[in-house]
Amino acid sequence: MERTLAILKPDCVRKQLIGQVLDRIERAGFRILALRMTWLTREQAEAFYAVHRERDFYPDLVEFMTSGPCVVMALEKENAVADFRALIGATDPAEAAEGTIRHQFADSKQCNIVHGSDTVENGQKEVAFFFGEGEIVRNRVGVM
Ligand code: GDP
């Protein structure tokens, strides 16, 4: 089983799409191991997207990600990272395939509803960025 980190970004929360996007995620076979609503601090957003810090869009991205609450979750599934990237679609909704979450709900390349880890290694790192292993274990108790 593989883990990936998903973030329902501030535009998703603002547009009251949490339920619809979670429905898409669960119907695609992902198990939610941990989930929390949070409002990222500037420091958290800068650290989470540090790989992009030299990019032109970095200041706008940090501004956007701290513009309101978001929902962070750890997901599990076989092939979770690649399957979740396929479910959400390309970064730019104009390029996202029909049937993907970003094609259905996103407004722009920046305001694209959802984050998904891009590699298995980053999936593990990003889950650990938001969740202690204890939080994940507790949430798994009761899974049949
Ligand atoms: P992702 O892996 O599909 O989320 O895309 P990236 O890792 O390349 O970029 C991270 C996030 O930065 C994206 O999800 C967007 O929210 C934002 N972003 C990426 N490219 C652009 C861009 O060209 N302009 C703006 N304004 N935001 C961008």
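The preceding data block contains the structure.
What you see is a predicted model, and the numbers here were worked out from it, not measured in a lab.

Student: Now, about unusual backbone geometry: what can you tell me, with residues and values included?
Tutor: The phi dihedral of Asn79 falls on the positive side, at around 60 degrees, and the residue is not glycine. Within the secondary structure, Asn79 is located in the loop between β3 (70–77) and α5 (80–88).

Student: Quick rundown of the sheet that holds β3? Include the residues and the values.
Tutor: Across the sheet, four strands lie side by side as β2-β3-β1-β4; this open sheet has antiparallel pairing. Among the strands making up the open sheet, the edge pair consists of β2 (31–38) and β4 (114–116). The mean angle between the axes of side-by-side strands here comes to 15 degrees, regardless of whether they run parallel or antiparallel. As paired strands, strand β1 (residues 2–8) and β4 are joined by three bridges and run antiparallel to one another. Its bridge partner being in β4, Ala6 is matched across the sheet by Gly116. Seen against the sheet, helix α7 (residues 120–130) touches β1, β2, β3 and β4 and runs at an angle of roughly 60 degrees to β1.

Student: For the pattern of salt bridges, give the residues involved together with the corresponding values.
Tutor: All told, the structure shown has eight salt bridges when counted by the stated rule. Among the salt bridges present, the one from Asp83 reaches Lys77, with a minimum N-O distance of 2.5 Å. Its relative accessible area of 26% is what places Asp83 among the partly exposed residues. Glu121 serves as the salt-bridge partner of Lys125, at 3.3 Å between the closest nitrogen and oxygen. In this pair, Lys125 and Glu121 both sit in helix α7, four residues apart, roughly one turn of the helix. Accessibility classification places Lys125 together with Glu121 in one group, the exposed group.

Calculation rules
- Residues numbered from 1 in each chain as written.
- Predicted model: local features only at pLDDT ≥ 70, side-chain atom pairs only at ≥ 80, totals over all residues.
- Heavy atoms only, no water.
- Helix = DSSP H or I, 4+ residues; strand = E, 2+ residues; numbered from the N terminus.
- Pairing = 2+ DSSP bridges.
- Axes fitted to C-alpha atoms, helices over the stretch in contact; angles between N-to-C directions.
- Contact = heavy atoms within 4.5 Å.
- Salt bridge = Lys/Arg side-chain N within 4 Å of Asp/Glu carboxyl O.
- Buried < 20%, exposed > 50% of the residue type's maximum accessible area, 1.4 Å probe, protein only.

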